Amino acid sequence: MSFINNWLRSDIKMIHAYYVPISSNMVKMDAMESPFSLSDELTDQYLTYLVDAQLNRYPSPSSDKLNQTLRLLMNIPKEFGVLLGNGSDELIQLLALACDTGDTVLSVEPSFVMYEMITKFTRLNYQSVLLTDDFEIDDDTMQKAIKTYNPKLIFIAYPNNPTGNTFNREIIEHIISSTKAMVVLDEAYYAYTTDSFLTDIAKYPNLVLLRTVSKIGFAGLRLGLLIATQDTVNQLNKLRLPYNINILTQVSANFLLQEKNTINANVSVILAQRQLLFDALVKINVLKVYPSQTNFILFKAPNTNILFDFLKENGVLIKNLSLKKKLINCLRVTIGTEEQNQKFINIVKKFYILQRV
């Protein structure tokens, strides 16, 4: 046996690394990224702005300027605290590190895979509550789980990934008010939905929000934020690694995230394209298409794996979720440009004509 296998924690050996498929020379519609790159004019301005970045120095330790940029972009009330992370994944890990060894983390299933992975990395216990067949949270089942497991953390993606829906607001409020756990609502897709719990932080001291800039056009920056009461942020900040937001991310975000009109315009395009893509998928009568409050659409398809491979062979990469609980025969497609969406639809139509399903 190799040195690393003798040395490594036994539970880590049982975990699979997060898999990212090769996407070279493909239309990439698998990872909920924005399809819009910077305009030539904005690129020139951005590169000029980067010249002043002092790469020989450590970045601002508290990212104060970036903090204010994000507050303006997302209309975050000044009385709330904001903590920045190297992607929201780092903030999920930070929350887990604040728990005692053996504490329980509760979430729903299916949901964002990193809740479970990070729980296991940090030697906490993970429990999940299955969603209903229409991807809702059953209030009674969740309340029983809270009483049984007495969780320290509850993670709920709002809207949910990979199902695309927001949950019943009254059920979420019941969860928050009925537990001593810290309830973390992951609003990664806040820009594409009509509801948010941002202002509810003032009402619930155990409520924490996570957001990211990855879904609004800047996945490459790896920038996430945690929003909570100032007292909560002050305590969690003790666990943040020094200089966790590198200088290029800080400088880039400070410039690019001030383009609020452009960001909002791109979001509007994606919302319009989401409706068009949804309508086009619904017309393929062998598919079951689920409503979405995100920048992706989940759908159930016959011959799922064959369709997934057919799309890849024709240069389009989406996400195959067909082995997940509650997601048998399901695929997830990210909303792209009008041209990308049309290419995707044409391939799906061609596939089912050829299959004569």
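Located above this text is the structure these notes cover.
Basis of the calculations
Residues numbered from 1 in each chain as written. Predicted model: local features only at pLDDT ≥ 70, side-chain atom pairs only at ≥ 80, totals over all residues. Heavy atoms only, no water. Core = buried A, V, L, I, M, F, W, Y, C linked by side-chain atoms within 4.5 Å. Buried < 20%, exposed > 50% of the residue type's maximum accessible area, 1.4 Å probe, protein only. Contact = heavy atoms within 4.5 Å. Helix = DSSP H or I, 4+ residues; strand = E, 2+ residues; numbered from the N terminus. Pairing = 2+ DSSP bridges. Arc of directions from axis to C-beta.

S.K.: Before we go on, may I ask you to explain the nonpolar core in this structure?
M.R.: A general tendency of soluble globular proteins is for nonpolar side chains to be buried together. Core analysis: the largest hydrophobic core is formed by 89 residues, its most contacted members being Ile137, Leu223, Leu257, Phe299, Ile318 and Phe344. Apart from the residues lying within four places of it in its own chain, the contact partners of leucine 223 are Leu66, Leu70, Leu84, Gly85, Gly87, Thr212, Val213, Ile245, Thr249, Ala253 and Leu257. Ranked by size, the runner-up nonpolar core spans 25 residues in total, among them Leu83, Ile92, Leu95 and Phe112.

S.K.: Would you explain the environment of glutamine 340 in this entry?
M.R.: Relative to the elements of secondary structure, glutamine 340 occurs in helix H13 (residues 338-355). Classification of glutamine 340 as partly exposed rests on a relative accessible area of 23%. Non-local contacts of glutamine 340, meaning those with residues more than four positions away in its chain, are made with Val27, Met29 and Pro35.

S.K.: Which parts of the structure should I look at to understand helix H4 (residues 64-74)?
M.R.: Because each turn of an α-helix spans 3.6 residues, side chains separated by three or four positions in sequence point in the same direction. What H4 keeps buried is the set Leu66, Asn67, Thr69, Leu70, Arg71, Leu73 and Met74. Residues of H4 that are buried make contact with strand E2 (80-85), strand E7 (207-212), strand E8 (224-229), helix H10 (247-256) and helix H11 (260-282). Just downstream of H4, asparagine 75 is the residue with a positive phi angle, here 55°.

S.K.: Would you mind going over the sheet that holds strand E9 (residues 288-289) with me for this structure?
M.R.: The strands that make up a sheet pair up through hydrogen bonds in the backbone, lying either parallel or antiparallel. Taken in spatial order, the four strands make up an open sheet running E9-E10-E13-E12, and their pairing is antiparallel. Two strands close off the open sheet at either side, each with one partner strand: E9 and strand E12 (319-320). Both E12 and strand E13 (residues 330-334) contribute to a ladder of two bridges, which runs antiparallel. Residue pairing in the sheet places asparagine 320 in a bridge with leucine 331 of E13.

S.K.: Could you clarify how one ought to interpret helix H12 (residues 304-313) in this entry?
M.R.: Taken residue by residue, H12 has Thr304, Leu307, Phe308, Phe310 and Leu311 as its buried positions. When H12 is viewed along its axis, its buried side chains cluster within an angular range of 160° and face the same direction. Backbone geometry just downstream of H12 places glycine 315 in the positive-phi region, at approximately 90°.

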